[in-house]
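Spelled out from the first residue to the last, the chains are:
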Amino acid sequence: MAVGDVRRKTSNFIDDITEELKIAYMEDARPWVIGFSGGKDSTALAQFVFYMLMDLSKKSRHKKVFIIASDTLVEMPSIEDRIKKEIALMQTAAYEKGLPIEVYGVSPVLHDRFWVNLIGKGYPSPNTRFRWCTERLKINPTSRFVREKVSQFGAVAIVLGSRISESSTRAQVMEAYRIEGQRFRPHRDLTKAWVYMPIQNLSTEQVWDYLLTVDNPWGGDNEGLAMLYRMASGGECPMVIDESTQPCGNSRFGCWCCTVVDRDKSMESLVASGEEKFRPLLEFRDHLRRIRDEDWARMNTRKNGTAGKGPFTHAIRHDLLKRLLQLQKEVDEILIQGDELAAITEMWAIEGQPVDMVERIWRHVFEEEPMPEGKENPALSKEEQLLEDICMEHNIPFEMMRRLRDLEEEYGSLRRRHGLPDLMREAVKSSIRE
Ligand code: SF4
């Protein structure tokens, strides 16, 4: 195909999507929440939305667009830096251009964080059978933001950059939730939230064509993004809002410590292409994965008291914390936060470990350097700790009960509770699936 034909084809789909976005934006008063993961698809989507709003008259820009970047707090350090830079540029550009865009970062609450669960509670490293992380690290922070906006505005539309051709599994999941002839479909779990995927039919080539031939409207670095993709391999981690948007895992924009995949080929490719700084992170991840199913690494009683492979033993948790802090020192990046150390201290103390154990391990690695202080924010509130104890006693999944409690609270003040039983049923079902 001649170069001119390629450009004409590119501009056709750009015009089509921009027009489609304008119609969808003007259609109603629901503000948009856009998931931005820093990958090519969500960058393309944000770019489309910027240009669409720039095309509209000031009067027509009648509602807000919230762009949210989810930070699991275990993002690959250099990716995290990149996302932070991009969202800062976005916010400045939106302000200067007078666009109704607001940019936010969202991250998991303390008791949902990766190290608090893995090192504090001893949850075994996540795998496909026990993937305890996606909901805590990715879904919950976004859901909280969406719920807050729903209560503020009455309803919202979540706009995602998911694409059918990104993976066949994702295509199947997207197809299962699609409603023929409708732009927006209701969110599976969040009431008054709708999901819209305007670039779902674009091919990967079209996305790159768009990113590399059209200037980034907030001054972002699309060339740098392309370079990152050239160095790594694997699929992209989309913004995960529920199970219908397909969890991540095998992706370059996933967590650096993700053990859901056998091998982290993306990080391996980065190391192979000369990014040596990732090697120690990769080795730590491999260690986490290796010990996961070893009998000697796990207690022989489950959390609910029944016999079987339980959480990581305390000795293993101590060793993991030591290795993580040594890694933090080696790569000179903050890998675990002060709050998380405080939460782990508290959790270990509840399980009968010496109260200064975390501090002892810290001193072993950092010697005189003071341990960062945690805020006065316990990992679980007293009420939640009690709920967790009761759940353990009765062998009921704590996360399910917490979700049911959240639903009850959400609907508690409403006179009509239409839809609540369905949501509760779904919460129970998804807990069984997990
Ligand atoms: S990238 Fe891996 S560790 Fe992170 S939330 Fe997804 S599945 Fe879990």
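Quick caveat: nothing in here was measured; it's all calculated off a predicted structure.

(A) Spatial organisation of helix α4 (residues 114-121). In terms of residue burial, α4 counts as a mostly covered element, since 8 of its 8 residues are buried. Along α4, the residues that are buried comprise Phe114, Trp115, Val116, Asn117, Leu118, Ile119, Gly120 and Lys121. Those residues of α4 that are buried are in contact with α5 (133-153), α11 (314-331) and α12 (338-350). One or two residues past the end of α4 sits Gly122, with phi positive at roughly 85°.

(B) Summary view of the nonpolar core. Residues Val33, Ile34, Val49, Ile67 and Ile158 are the most contacted members of the largest nonpolar core, which totals 44 residues. Looking at this core element by element, the count peaks at 8 residues for helix α2 (residues 40-55). Leaving out residues up to four positions away in the same chain, Val49 has contacts with Leu21, Ile34 and Val65. Counting 39 residues, the second-largest nonpolar core is a separate cluster that includes Trp115, Leu118, Leu325 and Ile344.

(C) Broad picture of the sheet that holds strand β1 (residues 32-36). If you walk across this open sheet you meet the 6 strands as β3-β2-β1-β4-β6-β5, and the pairing is mixed. Sheet topology places β3 (101-106) and β5 (185-186) at the edges, where each strand pairs with a single neighbour. When β5 meets strand β6 (residues 193-196), the two strands line up antiparallel, connected through 2 bridges. Opposite Pro186, over in β6, you have Trp194 as the bridge partner. Packing against the sheet, α5 makes contact with β1, β2 (65-70), β3, β4 (156-159) and β6, and its axis sits at approximately 160° to β2.

(D) Fine view of the pairing of β6. Burial along β6 is one-sided: Ala193 and Val195 are buried, and none of Trp194 and Tyr196, which face the opposite way, are. Sheet topology note: the β4/β6 ladder contains 4 bridges and is parallel. Looking across to β6, one finds that Val159 is bridged to Tyr196.

(E) Summary view of the pairing of β1. Counting buried residues in β1 gives 5 out of 5 residues, a clear majority hidden from the surface. Going residue by residue along β1, you find Trp32, Ile34 and Phe36 tucked away on one face and Val33 and Gly35 tucked away on the opposite face as well. Where β1 lies against β2, 5 bridges are found, and the strand directions are parallel. Residue pairing across strands places Val33 opposite Phe66, the latter belonging to β2. In the classification by handedness, the crossover that spans β1, the intervening α2 and the parallel β2 is right-handed.

Rules behind the numbers
Residues numbered from 1 in each chain as written. Predicted model: local features only at pLDDT ≥ 70, side-chain atom pairs only at ≥ 80, totals over all residues. Buried ≥ 20, exposed ≤ 12 C-beta atoms within 10 Å, placed from the backbone. Helix = DSSP H or I, 4+ residues; strand = E, 2+ residues; numbered from the N terminus. Contact = placed C-beta atoms within 7 Å. Core = buried A, V, L, I, M, F, W, Y, C linked by C-beta atoms within 7 Å. Pairing = 2+ DSSP bridges. Axes fitted to C-alpha atoms, helices over the stretch in contact; angles between N-to-C directions. Right-handed = clockwise from strand over helix to strand, strands pointing away.

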